[in-house]
Amino acid sequence: QAALQQLQSIKYPSATNNTPSKQLLLHICHDLTLAVLSQQVASWDAAVEALLRAVVRSYDSGNFTIMQEVHSAFLPEGCDHLKHKLGEPQSLITPAFKSLEAFFIYGHLYEFWWSLSRHCPKSSVWVRAAHRRTASVEQSQQINNATPEETDSGDSQPEPNRPPELDVRLTEESKQMLITCKELFSEKHASLQNSQRTVAEVQETLAEMIRQHQKSQVCKSTTNGPDKNESEQAAEQSLSSPQNECKEEKNQPLSLPELTKRLTEANEKIAKFPESVKIWPFPDVLECCLILLHIGSQCPGSVTQDMQQQAQELLQKYGNTKVYKRYCETFC
C-alpha cells in the first residue's frame, strides 16, 4: 500500500512518436507496476486503468511490439478475471474495462492475421496449414536421389522450385475469436475517431498553408536579390507539391473559411462525447474493419457476410478522411 501510494503521486505526460524509447519503457513499467500493486490490494478499478494506460502509451508512441508484449504478459487468458472482480456492470470503470477488452480482441485479431502468412509455422493456435503438394515434393526428392537409369524412365517430373500450396483451416479458437470481433464494431467510437482524424487533418492542412505563406513572404523579400540557382528552385517546387496534390485530390481550392468551419464542426462533435470514451482509444474501429475485410479476402468463409457488410458500412460512413480514403475504395 505504501509503494502504491508513492507511485500514484508520480504523473507522466502522454506518449508521442517522438518519446525516447528508454523514457517510454520507464513510463510503461510504472503503469504496469501500478496495475500489479492495485491487484495486490484488491483495487480492481485502478488495476484496469493502470493496465490500460500502459497499453495506450504503447499505442500513442506507435510501438506495436511493446503493446503485444503487454498483451501476452498481462492478458494471456483475456479479461474475465478482472470482470468478475469489478462487480456491478454499471460501475464507473465500465468504459475503461470495455476498452481493455477491445484491446484484448484487437491483439488476437492481429495475431490471427499474421498467422495467415505463408512464412508462419505450419501449425499455430489460430490456423492449421497443410501442404497440398507434399506427395509431389516427396516424389521429387525420390527422383533426385535415384540413379540416371531410373530417372530416364520417368517422363513427368514435378517442378522442384515451386513452393507447396497451403490449405488453411481455421481452428475452433480462431472461429470463436472472429465471432467476438463483432464487439469492435462500435459506431460511437467510429464517429468520435472520425472527428478526431478530421481535426488532425485540418490542423495539418492549416500548418501547411502557414508554411507556404511564410515561404512566399520570404520570396517577395528577396525579389531584388540574386537569382536563385536551380537546386533552390527545385527544392521550392518539391515543398509546394504536397499542397498541389491535395488540391487536385479534392478537386477544389482550399480556403481558410472552409477549413475553419470543418474544424469547428468536428470539435463540436467531439465535445458531445463523454470524457470516459475520449480518453480510451480502443477499439480503433476502422482499422479493425480493414483487417477483418482483408482476412475475409485471404481466407474465404472465415468472416461472415453479415460482419463483412457491417465493416463496409462503417468504412463508407466514417472513412472520409485522407488516411482511410484509398483503403475504403479498395475494400468498399
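Parameters and conventions
Residues numbered from 1 in each chain as written. Predicted model: local features only at pLDDT ≥ 70, side-chain atom pairs only at ≥ 80, totals over all residues. Heavy atoms only, no water. Helix = DSSP H or I, 4+ residues; strand = E, 2+ residues; numbered from the N terminus. Contact = heavy atoms within 4.5 Å. Areas by Shrake-Rupley, 256 points an atom, 1.4 Å probe, with all protein chains shown as cover. Buried < 20%, exposed > 50% of the residue type's maximum accessible area, 1.4 Å probe, protein only. Polar contact = N/O pair within 3.5 Å; in protein donor to acceptor, adjacent residues only side chain to side chain. Core = buried A, V, L, I, M, F, W, Y, C linked by side-chain atoms within 4.5 Å. Domains from an automatic or database assignment. Phe/Tyr/Trp six-rings, centres within 6.5 Å; stacked < 30°, edge-to-face > 60°. Salt bridge = Lys/Arg side-chain N within 4 Å of Asp/Glu carboxyl O. Disulfide = S-S within 2.5 Å. 1 Å grid on protein atoms, 1.4 Å probe; cavity = no way out; pocket = protein on both sides within 12 Å on 5 of 7 lines; lining within 4 Å. Points joined across faces, edges and corners; volume = space filled by probe spheres on them. Nonpolar A, V, L, I, M, F, W, Y, C, P; charged D, E, K, R; others polar. pLDDT = per-residue confidence, 0-100.

### A short note on the overall build of the chain
When helices and strands are counted, the chain shows 16 helices and two strands. Pairs at least 24 apart in sequence give 76% of the contacts found in the chain among residues at least 6 apart. Entry remark: accessible area of the chain is about 20300 Å², with carbon and sulfur atoms responsible for 51%.

### What about the environment of H81?
Here H81 shows up in helix α5 (residues 80–86). Judged by relative accessible area, H81 falls into the partly exposed class, the value being 37%. One polar contact links the side chain of H81 to the main-chain carbonyl oxygen of G78, over a distance of 3.4 Å.

### Focus on the nonpolar core
Counting residues in each nonpolar core, the largest one holds 60 residues, and the members touching the most others are L100, F103, L109, C181, F282, L292 and L314. Per element, the largest residue contribution to this core is eleven residues, and it comes from helix α6 (residues 94–115). Looking at this core, you find at least three residues from each of domain 1 (1–93) and domain 2 (182–210 + 254–331). The residues contacting L100, other than those within four sequence positions of it, are V48, L51, L52, L75, C79 and L82. With ten residues, the next largest nonpolar core counts V199, V202, L259 and I270 among its residues.

### A few points about the packing of aromatic side chains
Tallied over the full model, the rule gives nine aromatic pairs. Among the aromatic residues, those joined into a cluster by ring pairs are Y59, F64, F103, Y106, Y110, W113, W114 and F282.

### A short note on the pattern of salt bridges
In the structure shown here, the tally under the stated rule is seven salt bridges. Here E208 makes a salt bridge to R211, at a shortest N to O gap of 2.6 Å. Pair noted here: E208 and R211 are both in helix α10 (residues 187–221), with a separation of three residues, about one helical turn. For E208, a relative accessible area of 16% gives the class buried.

### Description of unusual backbone geometry
Here the residue pair F282 and P283 is connected by a cis peptide bond, since its omega of 0° sits within 30 degrees of zero. Tracing the backbone shows P283 in the loop between α13 (275–278) and α14 (285–298). Phi at A42 is positive, roughly 65°, even though this residue is not glycine. Checked against the element boundaries, A42 lands in the loop between α2 (21–40) and α3 (44–61).

### A few points about the state of the cysteines
Applying the stated rule across the entire model yields zero disulfides. C289 carries a free sulfur, and the closest cysteine sulfur to it, the one in C288, is 7.1 Å from it.

### A short note on the layout of surface pockets
For the largest pocket, the calculated volume is near 500 Å³. Along the walls of the largest pocket sit 16 residues, with Y59, D60, Q196, P281 and D284 positioned nearest its centre. Elements supplying a minimum of two residues to the lining of the largest pocket: α3, α10 and α13. At five residues, the largest contribution of residues to the lining of the largest pocket is made by α10. A per-class count over the lining of the largest pocket returns eight nonpolar, three polar and five charged. Mapped onto the domain boundaries, the lining of the largest pocket takes at least three residues apiece from domain 1 (1–93) and domain 2 (182–210 + 254–331).

### What about the side chain of H189?
Relative to the helices and strands, H189 is located in helix α10. Within the structure, H189 has its side chain in polar contact with the side chain of S186 (distance 2.7 Å). Not counting residues up to four positions away in its chain, the partners in contact with H189 are V277, W280, F282, P283 and V285.

### Some details on the confidence of the model for the chain
Per-residue pLDDT for the chain averages 79, and the proportion of residues at 70 or more is 73%. Note on residues 131–138: pLDDT is under 50 here. Beyond four places in sequence and across chains, it has 14 contacts.

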